[in-house]
Amino acid sequence: MLNGFQGPLWLVGCGAMGGALLSRWRAAGLRDDQVTVIDPAPKAVPAGFAGILVDSPDAASGTPRLVVLGVKPQMLPVVAASLSARIAGALLISMLAGVRTGTLANLFDRARIARIMPNTPASIGAGVTALYGAGLPAADMAMVEALLKPAGQTLWLEDESRFDAVTALSGSGPAYVFRFIEALAGAGEAAGLDAATAGALAMATVTGAAALAAQSGETPAALRLAVTSPQGTTQAGLDVLDGDGALSALLRGTVRAAAERSRALAAAADAAADAKAAA
Ligand SMILES: NC(=O)C1=CN([C@@H]2O[C@H](COP(=O)(O)OP(=O)(O)OC[C@H]3O[C@@H](n4cnc5c(N)ncnc54)[C@H](OP(=O)(O)O)[C@@H]3O)[C@@H](O)[C@H]2O)C=CC1
Ligand SMILES: O=C(O)[C@@H]1CCC=N1
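The model shown is predicted, which means the values in this text are computed figures rather than measured ones.

Calculation notes
- Residues numbered from 1 in each chain as written.
- Chains lettered and ligands numbered in written order.
- Predicted model: local features only at pLDDT ≥ 70, side-chain atom pairs only at ≥ 80, totals over all residues.
- Heavy atoms only, no water.
- UniProt positions renumbered as here; feature names shortened; annotations may be inferred.
- Helix = DSSP H or I, 4+ residues; strand = E, 2+ residues; numbered from the N terminus.
- Buried < 20%, exposed > 50% of the residue type's maximum accessible area, 1.4 Å probe, protein only.
- Pairing = 2+ DSSP bridges.
- Right-handed = clockwise from strand over helix to strand, strands pointing away.
- Near = heavy atom within 4 Å.
- Areas by Shrake-Rupley, 256 points an atom, 1.4 Å probe, with all protein chains shown as cover.
- 1 Å grid on protein atoms, 1.4 Å probe; cavity = no way out; pocket = protein on both sides within 12 Å on 5 of 7 lines; lining within 4 Å.
- Sits in = over half its atoms within 2 Å of the grid points.
- Polar contact = N/O pair within 3.5 Å; in protein donor to acceptor, adjacent residues only side chain to side chain.
- Nonpolar A, V, L, I, M, F, W, Y, C, P; charged D, E, K, R; others polar.
- Points joined across faces, edges and corners; volume = space filled by probe spheres on them.
- Domains from an automatic or database assignment.
- Contact = heavy atoms within 4.5 Å.

### Observations regarding the UniProt feature "domain: Pyrroline-5-carboxylate reductase dimerisation" (unreviewed entry) in the chain
Thought 1: When the UniProt feature table is mapped to this numbering, "domain: Pyrroline-5-carboxylate reductase dimerisation" (unreviewed entry) covers residues 160-264.
Thought 2: In residues 160-264, helix accounts for 80% and strand for 0%; the two terminal C-alpha atoms are 15 Å from one another.

### Some points on the pairing of strand S2 (residues 35-38)
Thought 1: Covered by surrounding structure in S2 are Val 35 and Val 37 together with Thr 36 and Ile 38, the residues of both alternating faces.
Thought 2: By the bridge criterion, four bridges tie strand S1 (residues 9-12) to S2 in an arrangement that is parallel. Among the inter-strand pairings, Val 12 is bridged to a residue of S2, identified as Ile 38.
Thought 3: Remark: the S1/helix H1 (residues 16-27)/S2 crossover connection has right-handed handedness.
Thought 4: Pairing of S2 with strand S3 (residues 52-54), which is carried by three bridges, proceeds in the parallel orientation. Considered in S3, the bridge of Thr 36 is made with Ile 52.

### What about the site of ligand 2?
Thought 1: By nearness alone, every residue bordering ligand 2 is listed as Ala 97, Gly 171 and Ser 172.
Thought 2: Protein coverage of the free-state accessible area of ligand 2, which is 240 Å², stands at 48%.
Thought 3: Of all the cavities here, the one that holds ligand 2 is the second largest pocket.

### Brief notes about the site of ligand 1
Thought 1: Near ligand 1 there are 23 residues, and of these Ala 16, Met 17, Asp 39, Lys 43 and Val 71 occur at the shortest range.
Thought 2: Within the backbone of Met 17, an N or O atom sits 2.8 Å from an oxygen atom of ligand 1.
Thought 3: Ala 97 places a polar main-chain atom, nitrogen or oxygen, 3.0 Å from an oxygen atom of ligand 1.
Thought 4: The site holding ligand 1 turns out to be the second largest pocket.
Thought 5: Of the residues in the shell around ligand 1, the class split is 16 nonpolar, four polar and three charged.

### Points about the layout of surface pockets
Thought 1: Quantified by volume, the largest pocket comes out at close to 2100 Å³.
Thought 2: Taken together, 45 residues form the lining of the largest pocket, with Val 177, Phe 180, Val 206, Ala 209 and Leu 247 sitting closest to its centre.
Thought 3: Counting only elements with at least two residues in the lining of the largest pocket, the list comes to strand S7 (127-132), helix H5 (163-171), helix H6 (173-190), helix H7 (195-215), helix H8 (220-227), helix H9 (233-241) and helix H10 (246-278).
Thought 4: In terms of residue count, H6 provides more of the lining of the largest pocket than any other element does, 10 residues in total.
Thought 5: Counted by class, the lining of the largest pocket contains 30 nonpolar, 12 polar and three charged residues.
Thought 6: Among the domains, domain 1 (9-163) and domain 2 (173-257) are the pair contributing at least three residues each to the lining of the largest pocket.

### Here we look at the environment of Ser 61
Thought 1: Tracing the backbone shows Ser 61 in the loop between S3 and strand S4 (66-69).
Thought 2: Residue Ser 61 is classed as exposed on the basis of its relative accessible area, which comes to 60%.
Thought 3: When the C-alpha atoms of Ser 61 and Pro 73 are compared, they prove to be 25 Å apart, with 12 residues separating the residues in sequence.
Thought 4: Leave out the neighbours within four places in its chain, and Ser 61 touches Trp 10 and Arg 86.

Here is the structure:
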């Protein structure tokens, strides 16, 4: 619980992911008067939020104890320029895809930095967040963990280089699942169902299967076999899904492309940090 959490906490960027985390912090008891949201056009401030809302660090008063970065990686140089002089002494937590802690250390001239990779099921407390903070004091690590627990499961990474793969799998992963639901519904329509029925069946099938996989104690492979009658309908479908390793190849390519994009975002942020150092 975050009832006793002492801010000030500055949330810089309150869009899809920042807003989802803020809603969970509030649900866990974080008081609005501990929070300042900094965003020129906040899209996802939770209803009823009564904390401070400003459009830039210059408009925020005081000094934060904790800063959570929730802007797009491309906005990092602009944000660092306006923010770094205002947050001396604060623990900096970044959810930015790709951007490495070393880059953030250069841009913000500080050492106490944690990196996180949440995902949007966090908005209902069903997310999973990878955490990283090499060399952080134990109290900072405990604070990071306490802030992410209300969003769902947490997992500390020892090796920051694994963030690209983690981002590609669990950070982006909800979008792959949502796309699968859309595609399954579309396939049901193509097989003769009306759109509403196909959509409802696809949604219920994916949520039900995911819940069973999470709760049954069986492996996904065992659960799959339990559906698949010899020479039955499921086998006929799986033969297409897995024909020539189609599904595995598709998902390997999907995750590889997302991880490569994470590395490219990291390189762009490095270039911005180098430009700042050279200026
Ligand atoms: N969405 C997701 O599923 C996940 C996202 N992330 C990471 O979280 C970060 C945010 O992503 P997401 O929430 O999707 O993005 P959004 O675009 O939804 O949110 C970013 C917010 O930051 C605002 N913003 C832009 N410039 C500034 C500025 N100078 N100062 C303060 N705020 C600013 C944006 O305003 P405007 O719209 O006007 O630009 C927007 O409201 C990214 O770095 C992403 O990599 C990590 C895990 C999952
Ligand atoms: O698409 C993105 O770049 C972000 C990071 C992970 C999920 N959304």
